[in-house]
Amino acid sequence: MAKKKARKTGSSAQLARLTRQQVLDGVSGPDGVRIGFAVPEEAGAVAALLKAAADDLEAGHLEALARGRCGTWLLDALAGGDLGEPLVRATAAGELQAAAAELSLPLVARDGDGQVTGALLGVPSGTVVSGLSRLPVSRQQILMSMLTFAKIKAIAVSEDARGRGIGAALLKRCVQWYEQLDYSLLFGEFDTGRELGPYYTRQGFNVLRPEQAIDVGTPLGGIPLHLGAGPGLTFFYRWRAPGR
C-alpha cells in the first residue's frame, strides 16, 4: 500500500496550514473560543455533547479518546507522519477497529476558561468499507477508502453557547484538517426534520434530496458504489476542490 502523508503545498480555502502543536494548543475561533484536538481528560464532556447529537455514536471511539488512542495518527500526520503504514500493520494484526479510532478526528471548542463548549467527531466510514468489501476491488483499495473518505459522525454545541458560530468553526477546522491530509470526500447526515440544509450549504457542503446519492466507488476502485442517507435523514457532502 502506498504511503500517505500530508501534502507539502496548498490547504483548505487557502488557510494557513495547521501544525501539530497549533491544534494541540487550539486555533482561534469566534468569541474567544479555541478549536483544538480533544485530550483524554475531555472524553466525558465530549461524550455528553455528542451522544445528545447522535443516537448511533460508537462507544469505541469515545473509549479510545479516554485512553489517548483516538486520532493520534491524524495528529502526527500534520507533522509529516505516515498514515498508510500503521493502517497496514494494524489490519494485518486484526486490529482494524483500533485503526479506525486512530484515524478518527476528535475536535473540541474550548471557552476562555478551558471548558468544552462544542465537539465534533470525524470517522472513517464503515459503510464505505463494508460496501467496497462486497465488490471486486483490492484490499488496498478498501484500506485506501479509510484514508480518502471521512464521515462527520456528530457535531454538537452546548445549549448556552449556541448562536456564536462555534459549530461553523468546528466544521471549518475539520474540513481544513482532512483536506490538508489529502482526504477527498467529507460527508455526513442530519435528521431531515431539523432542516439544516441551508446551514450546511453555507459551510460549503452540498445537500442531497432524499432520493439522491453520490458514487464513491468509481473514483477509488472503478466500480460504482452509491452512498446516500437512510430513512428520515438528509445527506451532505463535500469533495475536495481540484488543486488543493
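Just so it is clear, the structure is predicted and the values come from calculations on it, not from any experiment.

### Remarks on the packing of aromatic side chains
Thinking step 1. As enumerated under the stated definition, the model contains 11 aromatic pairs in all.
Thinking step 2. Both rings, one in Tyr178 and one in Tyr183, keep their centres 4.8 Å apart while their planes meet at 65 degrees; by these two values the pair is edge-to-face.
Thinking step 3. On the basis of relative accessibility, which here comes to 2%, the residue Tyr183 falls in the buried class.
Thinking step 4. Ring centres 5.2 Å apart and planes at 90 degrees place the aromatic pair Phe205 and Phe236 in the edge-to-face group. Note that Phe205 is positioned in the loop between α10 (197-202) and β7 (206-207) and Phe236 in strand β10 (residues 233-239), a separation of 31 residues in sequence. Across this residue pair, the class does not change: Phe205 and Phe236 are buried.
Thinking step 5. In textbook terms, an aromatic cluster arises when at least three aromatic residues are bridged by ring pairs, as seen for Phe190, Tyr199, Tyr200, Phe205 and Phe236.

### A look at the confidence of the model for the protein chain
Thinking step 1. Taken residue by residue, the protein chain gives an average pLDDT of 92. The fraction at 70 or more is 93%.
Thinking step 2. Across residues 6-13, confidence stays below pLDDT 50; counting only partners more than four residues off in sequence or on other chains, it has 21 contacts.

### Observations regarding the sheet that holds strand β2 (residues 34-37)
Thinking step 1. An order of β1-β2-β3-β4-β5-β6-β10-β7 is seen for the 8 strands of this open sheet, with the pairing classed as mixed. Of all strands in the sheet, those bounded by a partner on one side alone are β1 (27-28) and β7.
Thinking step 2. In the sheet, strand β6 (residues 185-191) pairs with β10 via 7 bridges, with the strands oriented antiparallel. Within β10, the residue paired with Phe187 across the bridge is Tyr237.

### Some words on helix α3 (residues 59-66)
Thinking step 1. What α3 keeps buried is the set His61, Leu62, Ala64 and Leu65. Along the long axis of α3, the arc covered by the buried residues comes to 160 degrees, so they all point the same way.
Thinking step 2. On its buried face, α3 sits against α2 (43-53), α6 (96-102), β3 (105-110) and β4 (116-124).
Thinking step 3. Two residues or fewer past α3, Gly68 is found with a positive phi of approximately 75 degrees.

### Some remarks on the pairing of β4
Thinking step 1. Along β4, 9 of the 9 residues are buried, which leaves the element largely enclosed by surrounding structure.
Thinking step 2. Bridge analysis of β3 against β4 gives 6 bridges, and the strand direction is antiparallel. By the bridge assignment, Leu105 is partnered in β4 with Gly122.
Thinking step 3. In textbook terms, the turn of a hairpin is the stretch between consecutive antiparallel strands, and for β3 and β4 this stretch comprises 5 residues, one of which, Gly114, has a positive phi near 85 degrees.
Thinking step 4. In this sheet, strand β5 (residues 149-157) lies alongside β4 in antiparallel orientation, the contact comprising 7 bridges. In the sheet register, Gly118 faces β5, and the bridge partner there is Val157.

### A short note on the environment of Phe190
Thinking step 1. Its place among the elements puts Phe190 in strand β6.
Thinking step 2. A residue is classified by how much of its surface remains accessible, and Phe190, at 5% relative accessible area, is buried.
Thinking step 3. A C-alpha to C-alpha distance of 8.7 Å links Phe190 and Ala229, two positions 39 residues apart in sequence.
Thinking step 4. Those residues in contact with Phe190 that lie beyond four places of it in its chain are Glu195, Leu196, Gly197, Tyr200, Val207, Gly232, Leu233, Thr234 and Phe236.

### Side note on unusual backbone geometry
Thinking step 1. The phi angle at Asp182 is positive, at roughly 75 degrees, despite the residue not being glycine.
Thinking step 2. By secondary structure assignment, the location of Asp182 is in the loop between α9 (166-180) and β6.
Thinking step 3. Not every positive phi belongs to a glycine, and Glu195 is a case in point at roughly 55 degrees.
Thinking step 4. Mapped onto the elements of the fold, Glu195 is located in the loop between β6 and α10.

### Focus: the pattern of salt bridges
Thinking step 1. Within this structure, the stated rule accounts for 10 salt bridges.
Thinking step 2. A network of salt bridges, in which partner residues are shared, links Asp56, Glu58 and Lys153.

Cut-offs and rules
- Residues numbered from 1 in each chain as written.
- Predicted model: local features only at pLDDT ≥ 70, side-chain atom pairs only at ≥ 80, totals over all residues.
- Heavy atoms only, no water.
- Phe/Tyr/Trp six-rings, centres within 6.5 Å; stacked < 30°, edge-to-face > 60°.
- Buried < 20%, exposed > 50% of the residue type's maximum accessible area, 1.4 Å probe, protein only.
- Helix = DSSP H or I, 4+ residues; strand = E, 2+ residues; numbered from the N terminus.
- pLDDT = per-residue confidence, 0-100.
- Contact = heavy atoms within 4.5 Å.
- Pairing = 2+ DSSP bridges.
- Arc of directions from axis to C-beta.
- Salt bridge = Lys/Arg side-chain N within 4 Å of Asp/Glu carboxyl O.

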